[in-house]
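Working through the structure, step by step
Chain residues, written in single-letter form:
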Amino acid sequence: MEFLSLIVGLVPCFYDHTSKHTVYIRDLKKNLQALSKEMVDLNNLCEDVKARVEDAEQGQMIRTKEVGGWIREVENMVKDVHEILQRGDQEIQKICLRCCPRNCWSSYKIGKAVSEKLAAVSGQIGKGHFDVVAEMLSCPLVDEQPMEETVGSELAYGRICGFLNDPQVGIMGLYGMGGVGKTTLLKKINNDFLTTSSDFDVVIWVVVSKPSNIEKIQEVIWNKLQIPRDIWEFRSSKEEKAVEILRVLKTKKFVLLLDDIWERLDLLEMGVPRPDARNKSKIVFTTRSQDVCHQMKAHKSIEVACLSSEAAWTLFQKEVGEETLSHPHILRLAKTVAEECKGLPLALITLGRALASERDPSNWDKVIQDLSKFPAEISGMEDELFHRLKVSYDRLSDDVIKSCFMYCSLFSEDWEIPNENVMNLWIGEGFLGEVHDIHEACNQGRKIIKKLKHACLLESCGSREKRVTMHDVIHDMALWLYGECGKEKNKILVYNDVSRLKEAQEIPKLKEVEKMSLRDKNVEKFPETLVCPNLKTLIIEGCHKLTKFSSGFFQFMPLIRVLDFSFNNNLSELPIGIGKLGALRYLNLSFTKIRELPIELRNLKNLMILYLDYMKSLESIPQDVISSLISLKLFSNFAVNILSGVETMLEEMGSLNGLSEIRITISNALSFNKLKSSHKLLRCVSCLQLLKWGDVITLEISFPLLKRMEHLHGLLISHCNELKAIKINVEEEGTNKDVALPNYIVPCQEYFCTLREVGLDHCSKLLDLTWLVYAPNLEELYVKDCESIEQVIRYGVEEKLEIFLRLKYIKFSKLPRLKSIYGHPLLFPSLEIIKVRKCKSLRSLPFDSTTSNKNLKKIEGEKSWWNQLEWNDETLRHSFTPYFQIHKESKTGGIDDMQEQLISN
């Protein structure tokens, strides 16, 4: 019977052998192998797609529906294919008679399923090649800000909400003292948009702080508006980014929440349209100054006041906890502590948390005593904040660096401190040990600044990073540290109001103070005397109305080592008593109107550093004063046009054995020859200004002279209106051959090897600066008001010199005939900033495809100038366009940066 069954089964098989359906049976094994291989390929493709999706989703994107559906289909297909492959393998094993299956019908069905699934898998592979696997998440209306439950802010919050619904109020300012809860209120406004329906399109949260940074604010707004990255990154300047932000925001009804503003922000500079009744958008900001509300032209200003007694008690109870307050005596003391906080939320929270587990009533008594004695310095707040920051201070490598760090607290918050200034103050204080060579000490100072920046205790500021600043919280911590973590609160005083010195409660502090920094632009007169027996450092700066001190001002300051009277623009005379400051090591009188230095200065036998820069009224230095300063290491009278006695002053300086750095202005050839005659003085010169040489047509500088000026890093030539050429005379050994540029050039010979900064201004007949090829280490070049210059480097036609390899900063201003920097493209591997102002003839820059933009930060100039530049090809233009920024005139006065750079390292 079994044999008969087999024969019956073979009949339809033979009958259909020529049929198209037999291919399913005939190719079963081949199709199974193909299906298995295709499935491996599909699995691999699916894994690749999933990986791309996961990467995109980590970047806060979402997979497309098409991709999501494809992945699900593949995952379902895997199970089906696995099952079919198993059935197919089983069917193959049933083959009999070498070519015929035991059951043709079963094999037919399996073969057909395999063939169909093979086609389906191939189809899925074809559909699985996606250009885009994910898309940006739709922007939520608002991002939730983390915050705790608010207490006692209902009244202010109600007023704010009322104004938010008022179409006449577009800008609102919340002002009040630090820690009063302004940020908490702003967060509450922000988070209410999560649960309250509104017709706003977007709510943007930005923390501003100080100093405000427009570009950082723009970045936050861009991120929230989801402007495509390729569009955004193409906008290189903040002006271009402002245009893009404005384009988007003009189409939206927005709420912009700005936290912690310290100064006026220009909304249009950021690209934010001003809210009005038409666009119905809103801007709400917080600030500590009511003046900022006026400057921002807020339609409504709301003072965020301290909490009422009831609300303060509620908040304090919440932080301390019921268990601690269950002690009846502590409950009474706790109410007293809460009252002492005067409703300041930050103080209530900090003290409440600090006392949450304090069960001893006597410790509560101690807190109350501290609060009553020092109401402005609430016990516990320093510990809560400063001890966490102190970890960075503790990890500084030695006490020298720690002392240098704390010293920076003498400068007001957010003060931009010139690196050179603070280093020389450290030297004057004696922090850097016994100084024999000022240059070595400054090298040590630079290393300290670098370490402090790396520890995030100082921050670089300015385009050339020659200044540092200290964050205001770090500043407060430094003051706290100098006062031995709050134990000696009067060791250092930093006042911006000199009138405080006359207050009765301040007078005892003066007997304890060691360092004092006073800045007050409104003060006209100081007290007759200040009794400061322990004072070692006195900085009085920026008192613009101050004209003089009393003759006995220094009478009770016997220990002063550092005295800084700079930037008191109307100070015209010094007290005679300055000659009695026998311990004085550092004296800075720069930017004052002092006409004559008192002869008593010759008594300052310990004076190491003397600054007399930019003293425009200084007529002379009394004879024998300089030669009497036997400890002098640094003498600086940069940008001072002393008309008489310069030769005598130079001669006196030459008699000082310890002098190692000179910054000097020379106003005639006679003085210059006197300087050249002293090898000792030439070695000391670090900054040299040649000023108002009206009769000099050619300035010749010999190679031996350059070799002797081994520390010269800054050269400024100013108001030399007859000067036509600067020549470097090369004296070849054995020939005494004097050859001047541009006929003879040896670019590899480093004559000006130490020169880092060069400035030229008001040299109307000067033709070129080809001599700069002899300054291979030049980093900064400033040229201003030189009407005749057509080409900076005028040398040959075919030569491609490797020059300006270390040049970082270029500024050209008011050079009407300047056509080019050099006739050939330059590498500029170090270039960071180039500024061009009023150079209408400059039609090209020496850039080509080999020019490096690795370090380039910006190219600044007028838009019309940029648009007229000629390029070798459009690729080059597109390459440098992202760095272009439109020049803006400075709104504030100050030193011309061409001169400032020569006195600020």
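Definitions and limits used
- Residues numbered from 1 in each chain as written.
- Predicted model: local features only at pLDDT ≥ 70, side-chain atom pairs only at ≥ 80, totals over all residues.
- Heavy atoms only, no water.
- Helix = DSSP H or I, 4+ residues; strand = E, 2+ residues; numbered from the N terminus.
- Buried < 20%, exposed > 50% of the residue type's maximum accessible area, 1.4 Å probe, protein only.
- Contact = heavy atoms within 4.5 Å.
- Areas by Shrake-Rupley, 256 points an atom, 1.4 Å probe, with all protein chains shown as cover.
- Axes fitted to C-alpha atoms, helices over the stretch in contact; angles between N-to-C directions.
- Parallel < 35°, antiparallel > 145°, perpendicular 65-115°, else oblique.
- Left-handed = near helix turned anticlockwise from the far one by under 90°.
- Nonpolar A, V, L, I, M, F, W, Y, C, P; charged D, E, K, R; others polar.
- Pairing = 2+ DSSP bridges.
- Salt bridge = Lys/Arg side-chain N within 4 Å of Asp/Glu carboxyl O.
- 1 Å grid on protein atoms, 1.4 Å probe; cavity = no way out; pocket = protein on both sides within 12 Å on 5 of 7 lines; lining within 4 Å.
- Points joined across faces, edges and corners; volume = space filled by probe spheres on them.
- Polar contact = N/O pair within 3.5 Å; in protein donor to acceptor, adjacent residues only side chain to side chain.
- Phe/Tyr/Trp six-rings, centres within 6.5 Å; stacked < 30°, edge-to-face > 60°.
- Lys NZ or Arg CZ within 6 Å of the ring centre and 35° of its normal.
- Patch = residues over 30% accessible without salt bridge, like charges linked within 9 Å, V, L, I, M, F, W, Y side chains within 5 Å.
- Lys, Arg positive; Asp, Glu negative; His and termini not counted.
- Charge placed at Lys NZ, Arg CZ, Asp CG, Glu CD.
- Disulfide = S-S within 2.5 Å.
- Core = buried A, V, L, I, M, F, W, Y, C linked by side-chain atoms within 4.5 Å.
- pLDDT = per-residue confidence, 0-100.

Things to note about the overall build of the chain
- Counting secondary structure elements, the chain contains 31 helices and 28 strands.
- Looking at the chain as a whole, 50% of its 905 residues are labelled buried.
- Within the chain, residue pairs in contact and separated by at least 24 positions form 68% of the contacts whose partners lie at least 6 positions apart.
- Looking at the chain as shown, the accessible area adds up to about 43,800 Å², and 49% of this sits on carbon and sulfur atoms.

Overview of the packing of helix 13 (residues 309–320) against helix 16 (residues 345–354)
- One way to put it is that helix 13 packs onto helix 16 with a least axis distance of 8 Å and a crossing angle of 30°. The angle between helix 13 and helix 16 falls in the class roughly parallel. At the point where helix 13 passes helix 16, the crossing takes the right-handed sense. Where helix 13 approaches helix 16, its residues Ala-312, Leu-315, Phe-316, Glu-319 and Val-320 are matched on the opposing element by Pro-345, Leu-348, Ile-349, Leu-351, Gly-352 and Arg-353.
- By residue class, the composition of the contact of helix 13 with helix 16 is 8 nonpolar, 1 polar and 2 charged.

As for the sheet that holds strand 10 (residues 467–469)
- The 3 strands lie next to each other as 8-10-9, forming an open sheet whose pairing is antiparallel. Strand pairing shows two members of the sheet lacking a second neighbour, strand 8 (417–418) and strand 9 (459–461), which therefore form its edges.

Quick look at the pattern of salt bridges
- According to the stated counting rule, one finds 28 salt bridges in the structure shown.
- It is possible to trace a salt-bridge network through shared partners that takes in Glu-420, Glu-661 and Arg-663.

Things to note about empty space enclosed by the protein
- Across all of its chains, the model carries 2 cavities of 30 Å³ or more by this definition.
- By volume, the largest cavity is sized at about 70 Å³.
- What lines the largest cavity is simply Phe-672, Leu-688, Leu-690, Leu-699, Ile-701, Leu-705, Leu-706, Met-709, Leu-712, Leu-715, Ile-717 and Phe-752.
- Residue assignment for the lining of the largest cavity shows that the elements contributing at least two residues are strand 19 (685–691), strand 20 (698–702), helix 28 (703–708) and strand 21 (714–718).
- Among the residues making up the lining of the largest cavity, the classes are represented as 12 nonpolar, no polar and no charged.
- Of the voids in this model, the second largest cavity is the one considered here, and its volume is about 30 Å³.

Some remarks on the environment of Ser-308
- Within the element layout of this structure, Ser-308 appears in the loop between strand 7 (300–303) and helix 13.
- On the accessibility criterion, Ser-308 (39% relative accessible area) is partly exposed.
- In the structure, Ser-308 is positioned 31 residues away from Glu-339 in sequence and 9.7 Å away in space, judged by C-alpha atoms.

Remarks on the side chain of Ser-566
- Mapping Ser-566 onto the fold places it in the loop between strand 14 (562–564) and strand 15 (586–588).
- Look at Ser-566 and you get buried, because its relative accessible area is 2%.
- For Ser-566, the side chain forms a polar contact with the side chain of Glu-541, separated by 3.1 Å.
- At 2.7 Å, the side chain of Ser-566 and the side chain of Asp-564 are in polar contact.

Considering the packing of helix 8 (residues 214–225) against helix 10 (residues 238–249)
- As a packed pair, helix 8 and helix 10 sit with axes 10 Å apart at the nearest point and diverge in direction by 35°. The handedness of the crossing between helix 8 and helix 10 comes out as left-handed. Only Lys-238, Lys-241, Ala-242, Ile-245, Val-248 and Leu-249 of helix 10 make contact with helix 8, whose side of the interface consists of Ile-214, Glu-215, Gln-218, Glu-219, Ile-221 and Leu-225.
- Classifying every residue of the contact of helix 8 with helix 10 gives 7 nonpolar, 1 polar and 4 charged.

Points about the environment of Ala-305
- Considering the arrangement of structural elements, one finds Ala-305 in the loop between strand 7 and helix 13.
- C-alpha of Ala-305 to C-alpha of Gly-176: the two residues are 129 residues apart in sequence and 6.3 Å apart in space.

Quick notes on the packing of aromatic side chains
- Throughout the structure, instances matching the rule amount to 24 aromatic pairs.
- Ring geometry for Phe-553 versus Phe-554: centroids 5.3 Å apart, planes at 75°, classification edge-to-face.
- Its relative accessible area of 0% is what places Phe-553 among the buried residues.
- Cluster of aromatic residues (ring-pair linked, three or more members): Phe-804, Phe-828, Phe-847, Trp-865, Trp-866, Trp-871, Phe-880 and Phe-884.
- Directly above the aromatic system of Phe-200 lies the positively charged group of Lys-253, at a separation of 4.7 Å from the ring centroid.
- Directly above the aromatic system of Tyr-482 lies the positively charged group of Lys-491, at a separation of 5.2 Å from the ring centroid.

Structural notes on the side chain of Glu-652
- For Glu-652, the location among the structural elements is in helix 25 (residues 646–654).
- Only 3.2 Å separates the side chain of Glu-652 from the backbone nitrogen of Ile-626, close enough to count as a polar contact.
- Excluding anything up to four places from it in sequence, Glu-652 contacts Gln-623, Asp-624, Val-625, Ile-626 and Ser-627.

A short note on the pairing of strand 27 (residues 858–861)
- With burial as the criterion, each face of strand 27 is covered, one bearing Lys-858 and Glu-860 and the other bearing Ile-859 and Gly-861.
- Where strand 26 (residues 833–837) and strand 27 come together, 3 bridges link them in parallel fashion. In the sheet register, Lys-835 faces strand 27, and the bridge partner there is Glu-860.

Description of the sheet that holds strand 4 (residues 202–207)
- One open sheet accounts for 5 strands, arranged 4-5-6-3-7; its pairing is parallel. The outermost strands of the open sheet, each flanked by one partner alone, are strand 4 and strand 7. Recorded for the sheet is a direction-independent mean angle of 15° between the axes of neighbouring strands.
- Where strand 3 (residues 171–175) meets strand 7, 4 bridges bridge the pair, whose relative direction is parallel. Looking at the pairing, Tyr-175 lines up with Glu-303 of strand 7.

A look at the pairing of strand 4
- Within strand 4, 5 of the 6 residues are buried, which leaves it mostly tucked inside the rest of the structure.
- Pairing of strand 4 with strand 5 (residues 254–261), which is carried by 6 bridges, proceeds in the parallel orientation. From the neighbouring strand, Trp-205 faces strand 5, where its bridge partner is Leu-257.

Looking at a negative patch on the surface
- A surface patch of negative charge is lined by Glu-47, Asp-48, Glu-54 and Asp-55.
- Counting through the fold element by element, Glu-47 comes out in helix 3 (residues 28–58).

Some points on unusual backbone geometry
- Positive phi, close to 60°, is recorded for Phe-591, a residue that is not glycine.
- Here Phe-591 shows up in the loop between strand 15 and strand 16 (609–611).
- Although it is not a glycine, Asp-785 adopts a positive phi angle of roughly 55°.
- Assignment of secondary structure puts Asp-785 in the loop between strand 24 (780–784) and strand 25 (809–813).

Looking at the state of the cysteines
- Under the definition given, this model contains 0 disulfides.
- Cysteine Cys-408 shares no disulfide, and the gap to the nearest cysteine sulfur, in Cys-404, comes to 7.6 Å.
- Residue Cys-408 is classed as buried on the basis of its relative accessible area of 1%.

Concerning the nonpolar core
- Judged by nonpolar contacts, the single largest core of 130 residues is most densely connected at Met-516, Phe-526, Leu-538 and Leu-688.
- Looking at which element gives the most residues to this core, the answer is helix 25, with 4 residues.
- The contact partners of Phe-526, leaving out residues within four places of it in the chain, are Val-498, Leu-501, Leu-518, Ile-540, Cys-543, Leu-546, Phe-549 and Phe-553.
- If you look at the next biggest cluster of nonpolar residues, it comprises 42 residues, including Cys-442, Leu-452, Trp-480 and Leu-634.

Topic: the confidence of the model for the chain
- Mean pLDDT for the chain: 82, with 84% of residues reaching 70 or above.
- Here helix 1 (residues 2–15) stands out as the element of the chain with the lowest mean pLDDT, 45, in contrast to strand 15, whose mean of 97 is the highest.
- Segment residues 732–748 is flagged for pLDDT under 50; beyond a separation of four residues in sequence, or across chains, it makes 29 contacts in the model.

Observations concerning the environment of Glu-528
- In this structure, Glu-528 sits in the loop between strand 12 (515–519) and strand 13 (537–541).
- Glu-528 sits 22 residues away from Ser-550 along the chain, and the two C-alpha atoms are 5.5 Å apart.
- In this structure, Glu-528 is in contact with Ser-550, Gly-552 and Phe-553, ignoring residues within four places of it in sequence.

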